[in-house]
Amino acid sequence: MQSVKNLIFHGVGVGAMGLAAARHRIGGYRRPTDFSSSDLAQAIEHVVAIVQDWNDTLSRLGTPEHGFRGLDVLELGPGATLGTGVLLRGLGAASYLAVDVNELATQTPSAFYRMIAEAPLPDGCDPVIVRAVAESLAQGRDAGVGYATDPDFDIGRAVAGRTFDVVVSNAAFEHFDDVDAVIADLGPVLRPGAVFIAMVDFQTHSRWVRRVDPNSIYRIGPSLYRAMTFPGQPNRLRPRDYLKLLARHGWRDAQVRPVDRAPPDYLAWSRRSLASGYRDDDARMDVLTGIVTARKP
């Protein structure tokens, strides 16, 4: 019975990935979240939760003592808005720069920034600063929140000589084609002692599949998966891969803290049909989302 169930879900997974490949090849990568960017209230709730997670994570790491206050922050792959930058400035960040491949955040309606100033804010966020920064962005001014895009995702070129104290990211690293190169590129633009915080979504990104089979993308063999390549396709790196890559580039204290985990009963029946390399315990297939952290010497 379980073998039939796995066979069905394998077919569903391949079909979902094929549809995603066709959609992205035709229309490009335009929707980085599960909701429309025109849904301003949900978009604001989304960025508030992200920044709260980053702030909590920085506090857990223990340094710096005052959170983001006074730090220069680099975000990779901000998605459809620069709302995270507004909130980080409200937490006292000295500056914020977001770097991406696609110019998704250039189309954010000014109403989004005006609304974010009136929303419930992350703990410790100064509403006066948030309001001032948000209004500046709504009017097209910088206010310490910068945005740079580079079609080759050349981080050094995008930051134009600037350096940073912390790099943050949310649900972006799983879409990078070459995470090894990204981590290598971060070295020259981060100061000694810099902190790395990345929320990674390890699951399938097809919304209607992930509810019942979150590890669907790992059922597909490597050759077929490569044949369906498209911009933004999940790279299928696991927690162990991030730890190895960070260690390779000299980062210290690297760890992955699981946030969402797959139920044991789901793992019990689904694991046997995963592609080679994802069936062993070391692959940590129970981790559906996690926060990757590390510190630069």
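Residues numbered from 1 in each chain as written. Predicted model: local features only at pLDDT ≥ 70, side-chain atom pairs only at ≥ 80, totals over all residues. Heavy atoms only, no water.

## Observations regarding the packing of helix H3 (residues 83-90) against helix H5 (residues 127-138)
Logical step 1: Their axes nearest at 8 Å, the elements H3 and H5 cross at an angle of 145°. Regarding H3 and H5, the two cross each other, and that crossing is right-handed. Packed against H3, whose contacting residues are Val86, Leu87, Arg89 and Gly90, the element H5 presents Ile129, Val130, Val133, Ala134 and Leu137 at the interface.
Logical step 2: Grouping the amino acids of the contact of H3 with H5 by side-chain chemistry returns 7 nonpolar, 1 polar and 1 charged. (Axes fitted to C-alpha atoms, helices over the stretch in contact; angles between N-to-C directions. Helix = DSSP H or I, 4+ residues; strand = E, 2+ residues; numbered from the N terminus. Left-handed = near helix turned anticlockwise from the far one by under 90°. Contact = heavy atoms within 4.5 Å. Nonpolar A, V, L, I, M, F, W, Y, C, P; charged D, E, K, R; others polar.)

## Here's the deal with the pattern of salt bridges
Logical step 1: Under the criterion given, the structure shown has 15 salt bridges.
Logical step 2: A salt bridge links Arg131 to Glu118, with the shortest nitrogen-to-oxygen separation between them at 3.5 Å. On the criterion of sequence distance, the pair formed by Arg131 in helix H5 and Glu118 in the loop between helix H4 (110-116) and H5 is long-range, its members being 13 residues apart.
Logical step 3: Among the residues examined, Glu118 registers a relative accessible area of 59% and is labelled exposed.
Logical step 4: For Arg248, the salt bridge identified is with Asp180, shortest N-O distance 3.3 Å. Of the two residues, Arg248 sits in helix H10 (residues 239-248) while Asp180 sits in helix H7 (residues 179-186), which places them 68 residues apart along the sequence.
Logical step 5: Look at Asp180 and you get partly exposed, because its relative accessible area is 26%.
Logical step 6: Among the charged side chains, a salt-bridge network with shared partners connects Asp72, Asp165 and Arg191. (Salt bridge = Lys/Arg side-chain N within 4 Å of Asp/Glu carboxyl O. Buried < 20%, exposed > 50% of the residue type's maximum accessible area, 1.4 Å probe, protein only.)

## Some thoughts on the packing of helix H2 (residues 40-61) against H3
Logical step 1: As a packed pair, H2 and H3 sit with axes 9 Å apart at the nearest point and diverge in direction by 50°. As far as their axial angle goes, H3 and H2 are oblique. In the crossing of H2 with H3, the sense of the turn from one axis to the other is right-handed. On the side of H2, the interface is formed by Val47, Val48, Ile50, Val51 and Trp54, while H3 contributes Gly83, Thr84, Leu87 and Leu88. (Parallel < 35°, antiparallel > 145°, perpendicular 65-115°, else oblique.)

## A word on the nonpolar core
Logical step 1: Membership of the largest hydrophobic core comes to 48 residues, with the highest contact counts inside it found for Leu74, Leu76, Ile155, Phe173, Leu186 and Phe196.
Logical step 2: The leading source of residues in this core is strand E5 (residues 190-201), at 5 residues.
Logical step 3: Residue contacts for Leu74: discarding those within four places in its chain leaves Leu97, Val99, Ile155, Val159, Phe164, Val166, Val167, Val168, Leu186 and Val189.
Logical step 4: Of all hydrophobic cores here, the second largest spans 39 residues; its members include Val86, Cys125, Val145 and Val168. (Core = buried A, V, L, I, M, F, W, Y, C linked by side-chain atoms within 4.5 Å.)

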